[in-house]
Amino acid sequence: IIFIWFVMWLSRVMWFIVWHYAHNIERLLTMRQHFFLEIFLFPIFYLLISYFNNPYIVWLLFSLIIGYQQGRKPIMEWYLLNHYITDKRYKATFLSMEAQVNTLLSTIITFVIWFIMAYSYKIWYVTLSVSLFIFLIFSFYFIFREKELRKI
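Residues numbered from 1 in each chain as written. Predicted model: local features only at pLDDT ≥ 70, side-chain atom pairs only at ≥ 80, totals over all residues. Heavy atoms only, no water.

(A) Quick peek at the nonpolar core. Core analysis: the largest hydrophobic core is formed by 27 residues, its most contacted members being Phe 35 and Tyr 46. Sequence-distant contacts of Tyr 46, defined by excluding residues within four places in its chain, comprise Ile 65, Tyr 125, Leu 128, Ser 129 and Leu 132. (Core = buried A, V, L, I, M, F, W, Y, C linked by side-chain atoms within 4.5 Å. Buried < 20%, exposed > 50% of the residue type's maximum accessible area, 1.4 Å probe, protein only. Contact = heavy atoms within 4.5 Å.)

This is the structure in structure tokens:
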């Protein structure tokens with residue numbers, strides 16, 4: 001608890017690095033490849049968190065995943081707004097709905113955390129990893145099921 005500032009600081013550094021070099025990520029990977037990478041990246045990191053007992057390694061992994069997630073958010077928003085929503089009137093609605101869905105999912109996940117974490121944090125991270133993997137597969141399937149998006 002005393003070193004929580006370090007976790008927050010390290011995640012902000014990672015956030016800045018990913019955000020600052022976002023143009024390189026876009027240039028090296030197509031969005032389909034980027035999404036496919038994330039289907040495996042996030043669950044693997046959470047599985048690694050459940051594997052290690054050393055709090056410093058757990059903090060490092062947690063900082064990296066938070067920083068990456070926050071740093072790549074503008075890339076995802078830009079892609080979805082420019083390739084998925086063609087009518088300008090709905091772009092603000094999309095951003096508003098995204099915030100509402102994030103709040104709803106955060107509330108549900110927090111509620112589930114209370115019950116599972118009371119038993120074991122390792123079981124929580126394994127459960128999170130598996131459920132996140134399933135959720136990402138279904139989410140990205142619906143993103144790329146449109147014919148025009150399959151070309152991208």
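(B) Spotlight on helix H5 (residues 91–119). Between its first and last C-alpha atoms H5 spans 42 Å; for 29 residues at 1.5 Å apiece the expected length is 42 Å, and the two agree. Maximum bend of H5: about 30 degrees, positioned at Ile 113. (Helix = DSSP H or I, 4+ residues; strand = E, 2+ residues; numbered from the N terminus. Expected span 1.5 Å × (residues − 1). Bend = angle between axes of the 7 residues up to and from the residue.)

(C) Broad picture of the side chain of His 34. Tracing the backbone through its elements, the reader meets His 34 in helix H3 (residues 31–51). Judged by its relative accessible area of 2%, His 34 is buried. Within the structure, His 34 has its side chain in polar contact with the side chain of Tyr 68 (distance 3.2 Å). The residues touching His 34, leaving out its near neighbours within four places in the chain, are Ile 25, Leu 29, Tyr 68, Arg 72 and Met 76. (Polar contact = N/O pair within 3.5 Å; in protein donor to acceptor, adjacent residues only side chain to side chain.)

(D) Focus on the packing of aromatic side chains. Across all of its chains, the model carries nine aromatic pairs by this definition. When the centroid spacing of 6.0 Å and the interplanar angle of 15 degrees are considered together, the rings of Tyr 46 and Tyr 125 count as stacked. Highlighted residues: Tyr 46 in helix H3 and Tyr 125 in helix H6 (residues 121–144), separated in sequence by 79 residues. Tyr 125 sits in the buried class, given a relative accessible area of 11%. Where Tyr 51 meets Phe 52, the ring centres are 5.2 Å apart and the plane angle is 80 degrees; that geometry is what we call edge-to-face. (Phe/Tyr/Trp six-rings, centres within 6.5 Å; stacked < 30°, edge-to-face > 60°.)

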